[in-house]
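Okay, here's what each chain looks like letter by letter:
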Amino acid sequence: MTDTKAIPCSEAVRQLWDYLDHAIPPEDQEKVEKHLSFCRSCCGELEFAKEMRAFLATSTAQEIPPHVKERLERFVERL
Amino acid sequence: MSEAGIRDRTKEGFQELVLAELPALYSLARRLVRDGAEDLVQEALLQAFRAFGTLREDGAAGRWLKTILVNVFRDQVRKRSRTVDERPMGDLSDFSLYRTLVDEDPFPYSDSLHTDFLQVFDSEDLREVLIRLPDIYRIPLVLRYMDGFATKEIARLLEAPLGTILARLHRGRRLFERELWAYAEEAGLLTKERAR
Ligand SMILES: [Zn+2]
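Analysis parameters
Residues numbered from 1 in each chain as written. Chains lettered and ligands numbered in written order. Predicted model: local features only at pLDDT ≥ 70, side-chain atom pairs only at ≥ 80, totals over all residues. Heavy atoms only, no water. Axes fitted to C-alpha atoms, helices over the stretch in contact; angles between N-to-C directions. Helix = DSSP H or I, 4+ residues; strand = E, 2+ residues; numbered from the N terminus. Parallel < 35°, antiparallel > 145°, perpendicular 65-115°, else oblique. Left-handed = near helix turned anticlockwise from the far one by under 90°. Contact = heavy atoms within 4.5 Å. Nonpolar A, V, L, I, M, F, W, Y, C, P; charged D, E, K, R; others polar. Buried area = accessible area lost by both parts, 1.4 Å probe. Salt bridge = Lys/Arg side-chain N within 4 Å of Asp/Glu carboxyl O. Polar contact = N/O pair within 3.5 Å; in protein donor to acceptor, adjacent residues only side chain to side chain. Buried < 20%, exposed > 50% of the residue type's maximum accessible area, 1.4 Å probe, protein only. Domains from an automatic or database assignment.

Our focus in this paragraph is the packing of helix α1 (residues 11–19) of chain B against helix α3 (residues 37–50) of chain B. Two packed helices can be described by the angle between their axes and the distance between those axes. All names here are of chain B. Contact geometry for α1 and α3: axes closest at 11 Å, N-to-C directions at 135°. Classed by the angle they form, the pair α1 and α3 counts as oblique. Of the two elements, α1 crosses α3, and the hand of that crossing is right-handed. Of the residues in α3, those in contact with Lys-11, Phe-14 and Val-18 of α1 are Leu-45, Ala-48 and Phe-49. A class-by-class count of the residues in the contact of α1 with α3 yields five nonpolar, no polar and one charged.

This is the structure:
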């Protein structure tokens with residue numbers, strides 16, 4: 001039988017990102033899930049963690065000033 | 001040219017392949033260093049050109065170039081400082097940006113407080129927050145959550161044990177969230193949207 005002892009909020013929050021990454025052992029994954037099933041505050045943390053991850057993943061604007069781009073292109077041409 | 005096609009490993013082939021990747025490379029470089037992003041890209045291009053023969057397929061060029069750039073950066077950091085910058089960043093154990101936002105309620109009229117908070121940051125604000133973090137936290141954070149490297153790859157790239165990278169990601173996330181909040185207050189980002 002797996003240990004399904006409840007974990008406190010601090011523990012659940014600490015593991016949220018790893019939980020989203022599936023980077024923790026299945027039994028810990030289960031514990032976090034169980035905690036989320038009854039804790040509204042941690043569900044809020046979870047939603048925010050998802051938003052934060054999306055925010056980071058989509059903030060990779062690929063801006064390059066024209067003069068820098070030009071210099072780098074010239075650099076490549078002269079290699 | 002087909003997606004998986006392979007160009008000749010010539011100078012012309014190299015040029016053709018990397019020109020399209022310059023914006024992505026430069027952006028990554030700017031997330032890694034405060035100054036000198038262009039130099040970092042140049043050094044990476046130089047090394048990439050020398051190693052062009054090792055690139056298996058053109059489709060992997062973007063990731064290949066980024067990996068080289070991170071390697072160059074890692075070596076530069078090592079040369080610069082013999083000791084790892086582990087300066088204490090205060091006690092983070094109980095900081096939660098989620099709860100801070102609930103408690104401080106910067107947008108009293110908003111019913112999507114947390115979403116609105118993230119929206120006040122443009123890409124330059126975000127860069128400023130990232131650049132404030134010590135290298136040991138910023139690098140894994142950028143590679144994992146912005147550039148999509150797997151934690152194992154990051155460990156290999158930075159030549160550090162996986163456990164160390166996981167611990168740094170952990171601490172780095174807390175630190176990042178605390179700095180996001182501090183920066184938003186400092187830069188006055190939280191007052192603009194009050195009227196919403
Ligand atoms: Zn909870």
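Read on for the rest.
We now examine the interface of chain A and chain B. Taken residue by residue, the interface counts 32 residues in chain A and 37 residues in chain B. Of the roughly 3300 Å² buried at the junction of chain A and chain B (both faces included), carbon and sulfur atoms supply 67%. Taken together, the links from chain A to chain B amount to three salt bridges. B:Arg144 is paired through a salt bridge with A:Asp21; the nearest N and O atoms lie 3.0 Å apart. If you look at where chain A meets chain B, you find ten residue pairs in polar contact (both at pLDDT 80 or more).

Glycine aside, residues mostly have negative phi, and peptide bonds are mostly found in the trans state. Residues and elements named next belong to chain B. Phi is positive for Asp-105, which is not a glycine, with a value near 40°. Following the sequence through the fold, Asp-105 ends up in the loop between α5 (97–104) and α6 (113–119). According to the relative accessible area criterion, Asp-105 is partly exposed, its value standing at 32%. Not every positive phi belongs to a glycine, and Glu-159 is a case in point at roughly 50°. Along the chain, Glu-159 turns up in the loop between α9 (151–158) and α10 (162–186).

Residues and elements named next belong to chain B. Per the domain assignment, the segments making up chain B are domain 1 (3–80) and domain 2 (92–195). Computed from C-alpha atoms alone, the centre-to-centre distance between domain 1 and domain 2 is 27 Å. Taken residue by residue, the interface counts 16 residues in domain 1 and 18 residues in domain 2. Counting each side, the surface lost to burial between domain 1 and domain 2 is near 1600 Å², with a carbon and sulfur contribution of 49%. A per-residue breakdown of the area domain 1 buries against domain 2 is headed by Arg-30, Arg-31 and Arg-34, which together make up 38% of the total. Counting the contacts that link domain 1 with domain 2 gives eight salt bridges. Inspection of the domain 1/domain 2 interface yields twelve residue pairs in polar contact (both at pLDDT 80 or more).

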